[in-house]
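Reading the structure
The residues making up each chain are set out below.
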Amino acid sequence: MKQTILDMEQYAIDYNVPIIEKKSIAFIMKYIKAKNIKSVLEIGSAIGYSAILMASSTPDVVVTTIERDETRYMECLKNVKKCEMEKKITVVFQDALELNLSDDLKYDLIFIDAAKGQYTKFFEKYKHFLNPNGTIITDNIKFHGYVGESSKLDKGNLKSLVEKIESYVDFLKNNSEFDTKFYDVGDGLSVSTWKK
Ligand code: SAH
Ligand code: MG
């Protein structure tokens, strides 16, 4: 598995795939262990890097991961196989905003790491699949340090993307159902749990 992980890191550089930062995935793996998380739903598999590392956190955690890009989905399947993780990881080839999961599926952890402009939509759709003690973690909450600085950016795609992440941060801060903590690790993580 170690070599496959290294190969994936190189592939991500060569093909410009935005895989998670090492410090962030280390944080999530620690969280999975500490909270004894058994099931994870990931939105945005890319090539399977974070899914494989999350699945390797403990012997019994299983991961379902969703990816809409066919090339990345195929690459993800290949990597899951190479790591002999087929029993622990289910890869779903679909747009997460179109997918209809069965209502009785529930997860201990939902990891949002797909299109940054759609974070609020993912959160609102997938919170219904979270266990009562479950957690939603979101990656790239700082987006290279631009979040909070959108007013300084020129009009364009970057500005509008950053504004969307800023509005997601506000959405989390003002959420009546969830408490959220923000962590300055890697590209920024948020950790949301149901209010008690
Ligand atoms: N979690 C991965 C990186 C994911 S990059 C890792 O750290 O290793 C984000 C991925 O989300 C991209 O591959 C992109 O194709 C996918 N994506 C974006 N929007 C999506 C959507 N609506 N449904 C499914 N996948 C999506
Ligand atoms: Mg990310």
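This section reports on the structure supplied with the text. Values in this document were obtained by computation on a predicted structure and should not be read as measured data.

Concerning the coordination of the magnesium ion (ligand 2)
At 2.1 to 2.2 Å from the magnesium ion (ligand 2) lie its protein donor atoms, namely Asp113 (OD), Asp139 (OD) and Asn140 (OD1). Counting along the primary sequence, the residues that act as donors to the magnesium ion (ligand 2) give the motif D-x25-D-N. Residue Asp113 is located in the loop between strand E4 (107-112) and helix H5 (119-126), and its partner Asp139 is located in strand E5 (residues 130-139); the two are separated by 26 residues in the primary sequence. A residue is classified by how much of its surface remains accessible, and Asp113, at 11% relative accessible area, is buried.

Topic: the site of ligand 1
As a matter of local geometry, ligand 1 sits amid 21 residues, with Gly44, Glu67, Arg72, Ala96 and Asp113 nearest to it. Glu67 places a polar side-chain atom, nitrogen or oxygen, 2.6 Å from an oxygen atom of ligand 1. Contacts to ligand 1 include Ala115, whose backbone N or O atom sits 3.3 Å from a nitrogen atom. Coverage of ligand 1 by the protein amounts to 95% of the 580 Å² it exposes when considered alone.

Concerning helix H1 (residues 2-14)
Given a rise of 1.5 Å per residue, 13 residues ought to cover 18 Å, and the 19 Å separating the end C-alpha atoms of H1 matches this to within 8%. Taken as a whole, H1 has its buried residues at Thr4, Ile5, Met8, Glu9, Tyr11 and Ala12. Along the axis of H1, the buried residues cluster in a sector spanning 160 degrees; they form a single face. Looking at H1, the residues exposed on the side facing more than 90 degrees away from the buried face are Lys2, Ile13 and Asp14. Lining the buried residues of H1 we find helix H2 (22-34), helix H3 (49-55) and helix H4 (70-82).

Reading the values: the criteria
- Residues numbered from 1 in each chain as written.
- Chains lettered and ligands numbered in written order.
- Predicted model: local features only at pLDDT ≥ 70, side-chain atom pairs only at ≥ 80, totals over all residues.
- Heavy atoms only, no water.
- Donors = N, O, S within 2.8 Å, 3.2 Å for Na, K, Ca; no water.
- Helix = DSSP H or I, 4+ residues; strand = E, 2+ residues; numbered from the N terminus.
- Buried < 20%, exposed > 50% of the residue type's maximum accessible area, 1.4 Å probe, protein only.
- Near = heavy atom within 4 Å.
- Polar contact = N/O pair within 3.5 Å; in protein donor to acceptor, adjacent residues only side chain to side chain.
- Areas by Shrake-Rupley, 256 points an atom, 1.4 Å probe, with all protein chains shown as cover.
- Expected span 1.5 Å × (residues − 1).
- Arc of directions from axis to C-beta.
- Contact = heavy atoms within 4.5 Å.

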